[in-house]
Amino acid sequence: MNRSFKKYIPLLLLSAIVVVSCKDKKEQAAGEQTTAESKADTASSVRQITFTPDQYKLSDIQTGTIESRNLSNIIKLTGVIDAEPSSIATVSAPLGGYIKSASLLPGQFVKKGQQLATIENPEFITIQQEYLESEGRLEFLTQEYKRQQELRNEDVNAAKTYQQVSSEYKIMQARIAGLEQQMALIGISSTSLKSSNKISRTAGIYAPISGYIKTSNTNIGKYVAPTDVLFEITGTNDLHLALNAFEKDLGKIQVGQTVKFSLSNENDYRHIGKVYLVGQATDDKKMIPVHCHFTKDAKMLPGMYVKAWVETGTEQKSAVPSDAIVQLDGLDYIIIQTADSKDGYTFQLIQVAKGIEQEAYTAIELPQSVNQQSLKVVTKNAYTILSAIKNAEEEE
């Protein structure tokens, strides 16, 4: 009998192991199911939350509906406000010299013809001296030319004598004309010099246009060469937008199109311009220059950064205020109010696809299963609700 019992011991042990193993698998499966259900409940709670009436009031939440708006298909551009070439001037000293006086600072306004600085150069003395000497010589040659001309008309003098005087007279006229132009170039009046006969070692540097000093590279005693820039002047009367567009958008931008733009410190595109020139070649960054005229505003100055867009057509789209769209885990959502009772207000996240953003509204695409007509969208303080949802997620 003992031998018979020993024979069945291995079979009994095997049966026990199988029973225990099956029991463990069932418990593991039951545990996994419970965990999955717990995760599902957590995910569901993360996507919605209920506010008490006091919380709702304190959060100052406002709701609205999804609107059907006429939004334009746009091309986004960036650039700066720039002055016309005729409103930009670079001032230098054509013959060089030493700065004798200078007092202008960047930002100061100057009128056309206003003296900007005084420069000193020994060459100025030589030019003025030659001019006065040439004027004296011309005075003699003028009388001599007239006398020889009369004598020649009476056939008294030789033709050679008359031709020689005539040649000297014309050479001196050309010399004086050249010296006058040199003096005009350095800022010395030939008329004043002729009337006063006073030679000066200094000359004034004058503003060629009216505008504001952009840069000033002068100080007393500094030597400047003819190629050195002393002042840069920028006028503010003739301004335009110098925008940049991607080369892929070249065929969509045309002269006459409306441009809406804003300054860097503005959020609304309330300034309007018109495209008047589209470049036909790209720069090193593969950008196309687009120039636009606009109505000048007092606070707009050359060099200011602007954001702009060009309308290329309009289309009816479902849209919500841009503040109604929130981001969670890299996805875009709107928050809708699903319940409203004395016990509280329930909000739920709905994922959307963003489209065109224009004038504080953004086009959206909803899931096909959602009926937008019945939605009550949170339009103000949506991120307050999103923060509450995130906190609920962390607690769970």
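Just so it is clear, the model here is predicted, and its values are computed rather than measured. (Residues numbered from 1 in each chain as written. Predicted model: local features only at pLDDT ≥ 70, side-chain atom pairs only at ≥ 80, totals over all residues. Heavy atoms only, no water.)

## Overview of the overall build of the protein
The helix and strand tally for the protein stands at six helices and 22 strands. Across the 396 residues of the protein, 36% fall into the buried class. A separation of at least 24 residues holds for 73% of the contacts in the protein among residues at least 6 apart in sequence. Within the structure as shown, the protein displays about 24200 Å² of accessible surface, and the carbon and sulfur contribution to it stands at 50%. (Helix = DSSP H or I, 4+ residues; strand = E, 2+ residues; numbered from the N terminus. Buried < 20%, exposed > 50% of the residue type's maximum accessible area, 1.4 Å probe, protein only. Contact = heavy atoms within 4.5 Å. Areas by Shrake-Rupley, 256 points an atom, 1.4 Å probe, with all protein chains shown as cover.)

## Some points on the pairing of strand E1 (residues 48–51)
With burial as the criterion, only one face of E1 is covered, namely that bearing Ile 49 and Phe 51; the residues Gln 48 and Thr 50 on the opposite face remain uncovered. Bridge analysis of E1 against strand E19 (residues 344–351) gives four bridges, and the strand direction is antiparallel. Each residue of the ladder has a partner; that of Ile 49, found in E19, is Phe 347. (Pairing = 2+ DSSP bridges.)

## Concerning the packing of helix H3 (residues 122–153) against helix H4 (residues 159–186)
The interhelical angle for the contact between H3 and H4, taken along N-to-C directions, is 150°, at an axis separation of 8 Å. Here H4 runs roughly antiparallel to H3, going by the angle between their axes. Taken as a pair, H3 and H4 cross one another with a handedness that is left-handed. (Axes fitted to C-alpha atoms, helices over the stretch in contact; angles between N-to-C directions. Parallel < 35°, antiparallel > 145°, perpendicular 65-115°, else oblique. Left-handed = near helix turned anticlockwise from the far one by under 90°.)

## With respect to the sheet that holds strand E10 (residues 223–224)
Pairing in this open sheet of four strands is antiparallel, and the strands run E8-E7-E5-E10 from one edge to the other. The sheet is open, and its two borders are formed by strand E8 (202–206) and E10, each paired with just one other strand. The pairing of strand E5 (residues 97–102) with E10 spans two bridges and is antiparallel. Considered in E10, the bridge of Tyr 98 is made with Tyr 223.

## Considering the sheet that holds strand E9 (residues 211–216)
Strand order in this open sheet of four strands is E4-E11-E9-E6, and the pairing throughout is antiparallel. This sheet does not close on itself; its edge strands, each paired only once, are strand E4 (88–91) and strand E6 (109–110). For E6 and E9, the ladder comprises two bridges, and the chain directions are antiparallel. Bridging from a neighbouring strand, Val 110 pairs with Gly 211 of E9.

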